[in-house]
Amino acid sequence: MGDIEIITLVIIAINSIVSFKGFNDQVFFEKYKFDIGRIKAGEKIRFFTSGFLHVDITHLFVNMLTLYFFANVVIYNMGAAQFLIIYLGSLLLGNLLAYFFHKDEPFYTAVGASGAVMGVLYSAILLQPDMMLGLFFIIPIPAYVFGIGYLLYTIYGMKNRQDNIGHDAHFGGAMGGYFITLVLSPWIFTEHLMMVFLLLIPIVTLFILKKTDKI
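In this convention, every chain numbers its residues from 1, walking through the sequence in written order. Only residues with pLDDT of 70 or above have their local features reported here, since the model is predicted, and side-chain atom pairs are shown and tallied only from 80 upward, although totals for entire chains, interfaces and linings are computed over all residues. To get the side-chain values, all heavy atoms of the structure are used, and hydrogens and water are removed first.

Where an unreviewed UniProt entry is consulted, the chain appears under the name Rhomboid family protein, with the organism given as Mesonia algae. UniProt positions are given in the numbering used here, feature names are shortened, and annotations may be inferred rather than shown by experiment. Under the UniProt heading Subcellular location (unreviewed entry), the entry covering the chain gives this text: "Membrane".

Right under this line is the structure:
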């Protein structure tokens, strides 16, 4: 974990400032949240701005805490500039996947940095697959097991739609972290090839289910 890097601090600060503005200004929140109807009307900026808004303090805290835990793994291995590319790329890909799955639902809305944070988390897993994560902060499991399991759970959530969690944005963000990291750090194919294939399984599974109209 180590000391917090400046780029991580800046991202946390921007998320906090924008989110607290949204907490206290409903007009601001409505103007910049992810909204299928408004995006279709031409407000494409919402693909980006919605990733800095949050529903409440708990939502913001969980996302920023997760970012804090895993940002350094990516920064130390790839540098601050590539970390930022992964963060922003995952944010956008997460929202693009949400748009893909909900494009026929004009009243669908969402907010949160979860897609970007999931991208950082999955980048960290690719870079350091042998690190241990605490399931429920207690049970130690290998990072790659968590990575596969979480994406499979996300597919289940996308299929059932029984909660208010943006599972598709989470999945899209994880895909962003996965693919962008492999493009920027091709050495992973040599050193962690098995992990590359294992983490690809849920991604392929999702698109097979979508292609066969099972999700």
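Now that the structure is up, let's keep going.
A.B. asks: Would you mind going over the environment of Lys103 with me for this structure?
C.D. replies: With respect to the helices and strands, the residue Lys103 is situated in the loop between helix H6 (80-102) and strand S2 (109-110). Put simply, Lys103 and Ile39 are 64 residues apart on the chain and 9.6 Å apart in space, counted from C-alpha to C-alpha. In this analysis, two residues are considered to be in contact whenever any of their non-hydrogen atoms come within 4.5 Å of each other. For Lys103, the residues in contact, after removing those within four places along its chain, are Ile36 and Lys40. N or O atoms within 3.5 Å of each other form a polar contact, as long as, within protein, one can give a hydrogen and the other can take it, and as long as residues adjacent in sequence are counted only when both atoms are side-chain atoms. From its side chain, Lys103 meets the backbone oxygen of Phe100 in a polar contact 3.0 Å long. By the criteria applied, helices consist of DSSP H or I runs no shorter than four residues and strands consist of E runs no shorter than two, each listed in order from the N terminus.

A.B. asks: Would you take a moment to explain the pattern of salt bridges for this structure?
C.D. replies: Oppositely charged side chains can pair when the atoms bearing their charge come close. Think of a salt bridge as a Lys or Arg side-chain nitrogen and an Asp or Glu carboxyl oxygen that are within 4 Å of each other. Considering all chains together, one arrives at four salt bridges under this definition. The partner of Arg46 in a salt bridge is Glu43, with the nearest N and O atoms 2.6 Å apart. Glu43 gets classed as partly exposed once you look at its relative accessible area, which sits at 25%. Several salt bridges converge on common partners, so that one network encompasses Arg38, Glu43 and Arg46. Here the term buried applies to any residue with accessible area under 20% of the maximum for its type, exposed to any over 50%, and partly exposed to those in between, with areas from a 1.4 Å probe on protein chains only.

A.B. asks: What is the right way to look at the packing of aromatic side chains in this model?
C.D. replies: Geometry of an aromatic ring pair is reported as the spacing of the ring centres plus the angle between the planes. For Phe, Tyr and Trp, where Trp contributes only its six-membered ring, two rings pair if their centres lie within 6.5 Å, and the inter-plane angle classes them as stacked under 30 degrees, edge-to-face over 60, or tilted in between. All told, the structure shown has 11 aromatic pairs when counted by the stated rule. A centroid spacing of 5.4 Å and a plane angle of 85° characterise the contact between Phe100 and Phe101, whose relative ring orientation is edge-to-face. Residue classification places Phe100 among the partly exposed positions, given a relative accessible area of 35%. Residue class for Phe101 comes out buried when judged on its relative accessible area of 9%. Pairwise contacts between aromatic rings join Phe34, Phe47, Tyr99 and Tyr108 into one cluster. The ring of Phe28 has Lys21 lying over it, and the distance from NZ or CZ to the ring centre is 5.7 Å. Working rule: Lys NZ or Arg CZ, within 6 Å of ring centre, within 35 degrees of ring normal, means a charge sits over the ring.

A.B. asks: Sorry, what's going on with the packing of helix H5 (residues 57-78) against helix H7 (residues 114-127) here?
C.D. replies: When two helices pack together, you describe them by how their axes are tilted relative to each other and by the distance separating the axes. Direction vectors running N to C along H5 and H7 enclose 35°, while the axes themselves pass 8 Å from each other. Read as a crossing pair, H5 and H7 show a hand that is left-handed. Note on element contacts: H7 touches H5 through Ser114, Val117, Val120, Leu121, Ser123, Ala124 and Leu127, opposite His59, Asn63, Thr66, Leu67, Phe70, Ala71, Val73, Val74, Asn77 and Met78. Fitted lines through C-alpha atoms give the axes, limited to the stretch in contact for helices. The angle between two N-to-C directions lies from 0 to 180 degrees. Put simply, a crossing is left-handed when the front helix is turned counterclockwise from the back one by less than a right angle, and right-handed when it is turned clockwise.

A.B. asks: Hey, could you run me through the UniProt feature "transmembrane region" (unreviewed entry) in the chain in this one?
C.D. replies: Within this structure's numbering, the places UniProt gives as "transmembrane region" (unreviewed entry) are residues 6-24, 45-71, 83-101, 108-127, 133-156 and 193-209. From the first C-alpha to the last, residues 45-71 spans 25 Å; its make-up is 70% helix and 0% strand. Between the end C-alpha atoms of residues 108-127 the distance is 34 Å, and the span holds 70% helix and 10% strand.

A.B. asks: Got a minute to help me understand unusual backbone geometry in this structure?
C.D. replies: Glycine aside, negative phi is the norm for most residues, and most peptide bonds take the trans geometry. Positive phi, close to 60°, is recorded for Asp213, a residue that is not glycine. Asp213 gets classed as exposed once you look at its relative accessible area, which sits at 69%.

A.B. asks: Explain helix H11 (residues 193-211) here, please?
C.D. replies: Within an α-helix, residues lying three or four positions from one another point in the same direction, as the helix has 3.6 residues per turn. Given a rise of 1.5 Å per residue, 19 residues ought to cover 27 Å, and the 27 Å separating the end C-alpha atoms of H11 matches this to within 8%. Two axes enter the definition of the bend at a residue: one is fitted to the seven residues ending there, the other to the seven starting there, and the bend is the angle between them. Along its length, H11 reaches its greatest deviation from straightness, about 30°, at Ile201, and the proline Pro202 lies no more than four positions downstream. Those residues of H11 lying buried are Met195, Val196, Leu199, Pro202, Ile203 and Leu206. The secondary structure elements touched by the buried residues of H11 are H6, H7, helix H8 (143-160), helix H9 (167-184) and helix H10 (188-191). Count one or two residues on from H11 and you reach Asp213, which has phi positive near 60°. What a helix is expected to span follows from its residue count: subtract one and scale by 1.5 Å.

A.B. asks: Just to check I follow, could you spell out the packing of H8 against H11 for this structure?
C.D. replies: Relative orientation of the contacting elements H8 and H11 amounts to 5°, with a least axis distance of 9 Å. Of the possible angle classes, the one that applies to H8 and H11 is roughly parallel. Contacts between H8 and H11 involve Tyr144, Gly147, Ile148, Leu151, Leu152, Ile155 and Met158 from the former and Met195, Leu198, Leu199, Pro202, Ile203, Thr205, Leu206 and Leu209 from the latter. Think of it as three bins: nonpolar holds Ala, Val, Leu, Ile, Met, Phe, Trp, Tyr, Cys and Pro, charged holds Asp, Glu, Lys and Arg, and polar takes everything else, Gly as well. Grouping the constituent residues of the contact of H8 with H11 by class yields 13 nonpolar, two polar and no charged. By definition in this entry, angles of less than 35 degrees are roughly parallel, angles greater than 145 are roughly antiparallel, angles of 65 to 115 are roughly perpendicular, and the rest are oblique.

A.B. asks: What am I meant to see in the environment of Phe83 here?
C.D. replies: Within the element layout of this structure, Phe83 appears in helix H6. Spatially, the C-alpha atoms of Phe83 and Ile180 are 9.9 Å apart, while their sequence positions differ by 97 residues. In this structure, Phe83 is in contact with Ile7, Thr8, Ile11, Leu67, Ala71, Val74, Ile75 and Val120, ignoring residues within four places of it in sequence.

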